[in-house]
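Observations on the three-dimensional arrangement
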There are 2 protein chains.
Amino acid sequence: MSIRDVVIIGAGFGGLSAAKELAGAPVNVTLVDQQNHHLFQPLLYQVATAALTPAEIAVPIRSVLRRQRNARVLMDRVIDVDADAATVVTESGRTLPFDALVIATGARHSYFGKDDWATHAPGLKTLNDALGLREKILMAFEQAEMVVENDPEAARRFQTFVVVGAGPTGVELAGAIAELSQSVMRDFRHIDGANNRIILLEGGPRVLPSFAEDLSLRAMHDLKALGVEVRTETMVTDIAAGHVTTNQGDIPTETVIWAAGVQASPAGAWLGLANGRSGHVEVDETLRPKGFDNIYVIGDTARHEADGGALPGIAPVAKQMGQYVGRRLSKLASGKEPPSGFRYLDAGSLATIGRNRAVADIFGLKVKGFAGWLLWGAAHVYFLIGFKNRLFVMLHWLWLYLTWQRGVRLIMHHEPATDSEKS
Amino acid sequence: MSIRDVVIIGAGFGGLSAAKELAGAPVNVTLVDQQNHHLFQPLLYQVATAALTPAEIAVPIRSVLRRQRNARVLMDRVIDVDADAATVVTESGRTLPFDALVIATGARHSYFGKDDWATHAPGLKTLNDALGLREKILMAFEQAEMVVENDPEAARRFQTFVVVGAGPTGVELAGAIAELSQSVMRDFRHIDGANNRIILLEGGPRVLPSFAEDLSLRAMHDLKALGVEVRTETMVTDIAAGHVTTNQGDIPTETVIWAAGVQASPAGAWLGLANGRSGHVEVDETLRPKGFDNIYVIGDTARHEADGGALPGIAPVAKQMGQYVGRRLSKLASGKEPPSGFRYLDAGSLATIGRNRAVADIFGLKVKGFAGWLLWGAAHVYFLIGFKNRLFVMLHWLWLYLTWQRGVRLIMHHEPATDSEKS
């Protein structure tokens, strides 16, 4: 069977790299995404904490593929895949035939079956999540300021921020909220900065469990230096309006952020594959699920065992998987020998904890403190797509570094009342 | 009566200048606004057309007044003014006593009694309006691309943009949409740029009616050069889904933008003043409505006759009124002679029509074309509040100018489906 039509679902790190890798191949690429933009998710927490603007970490998918004449972009939502007929069905009623399909639909939050927690403890996956969270955090200070005179207890609740989960996202978010809360405090006249509490909850024994132990310790130390209370071995048992309940006691708070668990997108269901609680699709070393000849599943949606463990759901894994599938399909389409099985090249891990502090493990070299922080910044700017985004993010960071001013403190969802309410 | 507590409602150009003018005065200033940010409205259309980001034209009110120790900021909504008791009542239940009150609550859209048009023809007053409009315009191209093969008529409707009203906002918006539509066209594979139509409707005989006639003619010429169809003497008689009806015929379109009329905020009702259709509060040369000794009404909410005509509802008028009232209250609070009546210093008018083109009338000097455009840019950057905003807007404009790339093409309100919809 020759490969001519390649359909890719999802324009995250996986899908976009697959599409770009196919640039020179004799195929027609159709990249389908619900959004019009590719999002640089590793910096999403900086949008949520008013450091960067949405436009600095997102780029229109159409712009990225402008010059790639064999690729077209569809802004549409896939509702089903018919593996037998080899077609993809979209919400707008399109049927897209494919010779090869790449599923790169990512992951979403998982509340371990407690879906009602979602209302009180939003997670961070999309730009709207980030803007909603930014608003929630900024409004908490406004509300504390408003109630502090009459109800100091309520003000304390508004000044308490709980982050659930101490993986890279949770750690970076807790650090950034700590810095944001210090920086905004200059602008308030009534509330007391000493009442700001940022609490990071982790079920396991240490933060950054996927990092080497000494880096975890350093991260814990850096978080504490920033004023973050780190509570390990702490399991959340309930989340409701005004408080979080844990096995170590109750925390009164108005702001809880979920960074604890993700679940693969429900792509497995399209393929009729029974997928476990995490929803991942098991793939072999060619990144295909068993029994499918022309369907690839990559990135956070896939589960691929390598060297005894499953690869983590992080950007570099998704990107390398996308490149591998792109290269493979390119070879197959040209009638050449496909590459051997996928091998993940682990360049290491990075996490930043506020200004001047980060922990990094790059090709086995451990870097901490200021050097780690510079490395973290350089790596993130390097991997940002689009020259303008790189330039503006660098300038913006320089600005933040020099002035300590978080300029993106906009509360926008909180709109003025409509006229009927007004009068 | 001595003046100690000054309450200012609204942190637009008028309210914020009044607050800043009071910096050295022996008073307590309370600035109340529903939003947490001051918005540079003259550039709002650039957010709506994906040229600038929200953070570039907005600044947190608290930051602006950080160093002014006699001022505090309340993020709250005023629901009533009790002139006899000299108090302001807010939504959160506060009662703010005042010795002097400044009402600077601005204006909103007016559909001349046809409020149902609002659904189909949104206007442009807040950041959310701008983001909603940006999404609507960008989605129109996406939808045109999606339907063009099966329904070319519908695609044409999506590629038609109608702006109602050819004042400065309407003219600048029409020019910006024309440029945006040229620039995005490179990224689409199916729709034809020749089908893009930008139509500017004006009831009067010429665009920019408040400008000198030769500048109007030049603006009309510049708009046509950009591909905008200008239709003067054209009255809108109906707006509904899929079309606009005018006295000159029907226009099939999916995107209508309202730039035709504004109405003062309903502050007049708080004072028990009968206000006309436009809702303005008539003020004397001290900017007080008749019969009120300690209440000032400024900016778009006020109507002040000067040199035979009412002052227009534009930023410089609001700003100068705010400065006047601030100066006046400062003198009164110090027991000094207040300044004589308010005099508006008209520096002129400016409007830009796409890159390299603008018309300006500065202190009687008429400037057109490239020189006018540079002047327009310099004036807007100069009046932007906050050094960072100035720097980033300049860099962003330079970027746009050199690359023709509109980078802020994010569709964010259009979120991925929730999980229950997905599966």
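Per an unreviewed UniProt entry, the recorded name for chain A is NADH:ubiquinone reductase (non-electrogenic), and the organism is Hoeflea prorocentri. Here chain A is described in UniProt, under the heading Sequence similarities (unreviewed entry), as follows: "Belongs to the NADH dehydrogenase family."

1. Section: the overall build of chain A
Counting its regular elements, chain A contains 13 helices and 26 strands. Radius of gyration (C-alpha) of chain A: 23 Å, near the 22 Å computed for a compact globule of 423 residues. Each principal axis of the C-alpha distribution contributes one length, and for chain A these read about 75 × 60 × 40 Å. Across the 423 residues in chain A, those meeting the buried criterion constitute 57%. Within chain A, contacts between residues separated by at least 24 positions form 63% of all contacts whose residues are at least 6 apart in sequence. Computing the positive centroid from 42 side-chain charges and the negative centroid from 45, chain A places the two 7 Å apart.

2. A few points about the sheet that holds strand β6 (residues 78-82) of chain B
Residues and elements named next belong to chain B. The antiparallel open sheet is built from 3 strands, whose spatial order is β6-β7-β8. Looking at the sheet topology across the chains shown, the edges are occupied by β6 and β8 (95-97). Taking each pair of neighbouring strands and ignoring which way they run, the sheet shows an average axis angle of 20°. Here 3 bridges tie strand β7 (residues 87-90) to β8, and the two strands are oriented antiparallel to one another. Directly across from Val88, in β8, lies its bridge partner Leu96.

3. Describing the packing of helix α1 (residues 13-21) of chain B against helix α10 (residues 315-333) of chain B
Residue and element names in this part refer to chain B. Axis separation between α1 and α10 bottoms out at 7 Å; the angle between their running directions is 30°. Taken together, α1 and α10 sit at an angle that is classed as roughly parallel. As α1 runs across α10, the sense of the crossing is right-handed. Contact residues: Phe13, Gly14, Ser17, Ala18 and Glu21 in α1; Ala315, Ala318, Lys319, Gly322, Gln323, Gly326 and Arg327 in α10. When the residues that make up the contact of α1 with α10 are grouped by side-chain class, the tally is 4 nonpolar, 5 polar and 3 charged.

4. Looking at the interface of chain A and chain B
At the junction of the two partners, chain A supplies 59 residues and chain B supplies 59 residues. The contact between chain A and chain B buries some 6,000 Å² in all, and 53% of this surface belongs to carbon and sulfur atoms. If you sort the residues of chain A by the area they bury against chain B, A:Arg62, A:Arg66 and A:Arg189 come out on top, with a joint share of 13%. At the junction of chain A with chain B, the criterion picks out 4 salt bridges. With its nearest N and O atoms 2.5 Å apart, the salt bridge here joins A:Glu142 to B:Arg62.

5. So, the relation of the copies chain A and chain B
Superposing chain A onto chain B requires a rotation of 180° together with a translation of 0.0 Å along the rotation axis, leaving an RMSD of 0.0 Å. Considering both components of the superposition, the chain copies are consistent with a two-fold axis. Rotation axis and chain A: the residue whose C-alpha lies nearest the axis is A:Thr53, separated from it by 3.8 Å. Interface residue correspondence from chain A to chain B reaches 100%, placing this contact among same-surface, isologous pairings.

6. Looking at the packing of aromatic side chains
Per the counting criterion, the structure on display carries 21 aromatic pairs over all chains. Ring centres of A:Tyr324 and A:Phe342 lie 5.7 Å apart, and the angle between their planes is 65°; on these two criteria the pair is classed as edge-to-face. Remark: A:Phe342 occurs in the loop between α10 (315-333) and β24 (348-352) and A:Tyr324 occurs in helix α10; sequence separation between them is 18 residues. With centroids separated by 5.6 Å and ring planes inclined at 75°, the aromatic side chains of B:Phe13 and B:Phe40 adopt a geometry described as edge-to-face. Remark: B:Phe40 occurs in the loop between β3 (37-39) and α2 (44-48) and B:Phe13 occurs in helix α1; sequence separation between them is 27 residues. Across the pair, B:Phe40 and B:Phe13 agree in class, each one buried. Connected via pairs of aromatic rings, a cluster forms that spans A:Tyr111, A:Phe112, A:Trp117 and A:Trp258.

The rules we used
- Residues numbered from 1 in each chain as written.
- Chains lettered and ligands numbered in written order.
- Predicted model: local features only at pLDDT ≥ 70, side-chain atom pairs only at ≥ 80, totals over all residues.
- Heavy atoms only, no water.
- UniProt positions renumbered as here; feature names shortened; annotations may be inferred.
- Helix = DSSP H or I, 4+ residues; strand = E, 2+ residues; numbered from the N terminus.
- Rg over C-alpha atoms; globule rule 2.2 N^0.38 Å.
- Buried < 20%, exposed > 50% of the residue type's maximum accessible area, 1.4 Å probe, protein only.
- Contact = heavy atoms within 4.5 Å.
- Lys, Arg positive; Asp, Glu negative; His and termini not counted.
- Charge placed at Lys NZ, Arg CZ, Asp CG, Glu CD.
- Pairing = 2+ DSSP bridges.
- Axes fitted to C-alpha atoms, helices over the stretch in contact; angles between N-to-C directions.
- Parallel < 35°, antiparallel > 145°, perpendicular 65-115°, else oblique.
- Left-handed = near helix turned anticlockwise from the far one by under 90°.
- Nonpolar A, V, L, I, M, F, W, Y, C, P; charged D, E, K, R; others polar.
- Buried area = accessible area lost by both parts, 1.4 Å probe.
- Salt bridge = Lys/Arg side-chain N within 4 Å of Asp/Glu carboxyl O.
- Least-squares fit on C-alpha atoms with pLDDT ≥ 70 in both.
- Phe/Tyr/Trp six-rings, centres within 6.5 Å; stacked < 30°, edge-to-face > 60°.

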